[in-house]
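Chain by chain, the residues run as shown.
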Amino acid sequence: INYEDFRSKAPFSLRPLSPGRLLAKARGDFLIKSKHLLFRQEKGSDFTVKGTFSRGRVTVGEAAGTIMDGQVEGKGELDLSKHQPEITVSGKLTDIRSGILMNIFGGNAEIVEGRTMALAELSSRGRTGKELRENMKGTGSTLSKNGVIKRWNLLSKLFSLLTLNFYDIFRGKMDLSKDGLP
């Protein structure tokens, strides 16, 4: 599956389904499997998406696969039965390269090394991509172990002191002369 095959030249928009339309009355289950996935520049594999469609709602109960050199799991719902379409998603990225995550959020991938786990729960409502971005709310968190922040050497040392067990520092397990955040 290639993301570009589904992109429209027109601006992104969602239209609510009026109650009398055939799609508003349709029901069913779906299963999508893809051995290969290309989303922008990121390649993925072994994707499975399971869900249902009922009363103008597309519910993804399970989505999983490999992307960004790690694993992704998620679920969500797109509700087209309301005047303002609503979307909710939650997901988890596990064991992805930290630099790739930095790129997604507009950062410099070269300042971090290591593997990261990221969790997110987001929701929004709107008809256009702009409205969906403006109305987005939710939470997100990341956890990175055994990585290195290559810039802000002093700040990274302070983070090390705050997040590591002082016992490890005194036992010599943490090298304060090394560049970056261990």
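Note that the structure is a prediction, hence the values are computed from the model and not measured.

Q: Describe the side chain of T116, and please don't skip the residues or the numbers.
A: With respect to the secondary-structure elements, T116 resides in strand β6 (residues 112-125). By relative accessible area, T116 is classed as buried at 6%. Every residue in contact with T116, bar those within four places of it in the chain, is listed here: L93, T94, D95, I96, S98, L101, T142, L143 and S144.

Q: Provide a residue-level description of the pattern of salt bridges, including the pertinent values.
A: Inspection of every chain in the model, using the stated rule, returns six salt bridges. A salt bridge links D79 to R57; its shortest N-O distance comes to 3.0 Å. Remark: R57 occurs in strand β3 (residues 57-67) and D79 occurs in strand β4 (residues 70-79); sequence separation between them is 22 residues. Note on D79: relative accessible area 3%, which makes it buried. With a closest N to O distance of 3.3 Å, K130 and E134 form a salt bridge. Of this pair, K130 and E134 both sit in helix α3 (residues 129-134), four residues apart, which is roughly one turn of the helix. In this structure, a network of salt bridges that share partners links the residues K82, E86 and R125.

Analysis parameters
Residues numbered from 1 in each chain as written. Predicted model: local features only at pLDDT ≥ 70, side-chain atom pairs only at ≥ 80, totals over all residues. Heavy atoms only, no water. Helix = DSSP H or I, 4+ residues; strand = E, 2+ residues; numbered from the N terminus. Buried < 20%, exposed > 50% of the residue type's maximum accessible area, 1.4 Å probe, protein only. Contact = heavy atoms within 4.5 Å. Salt bridge = Lys/Arg side-chain N within 4 Å of Asp/Glu carboxyl O.

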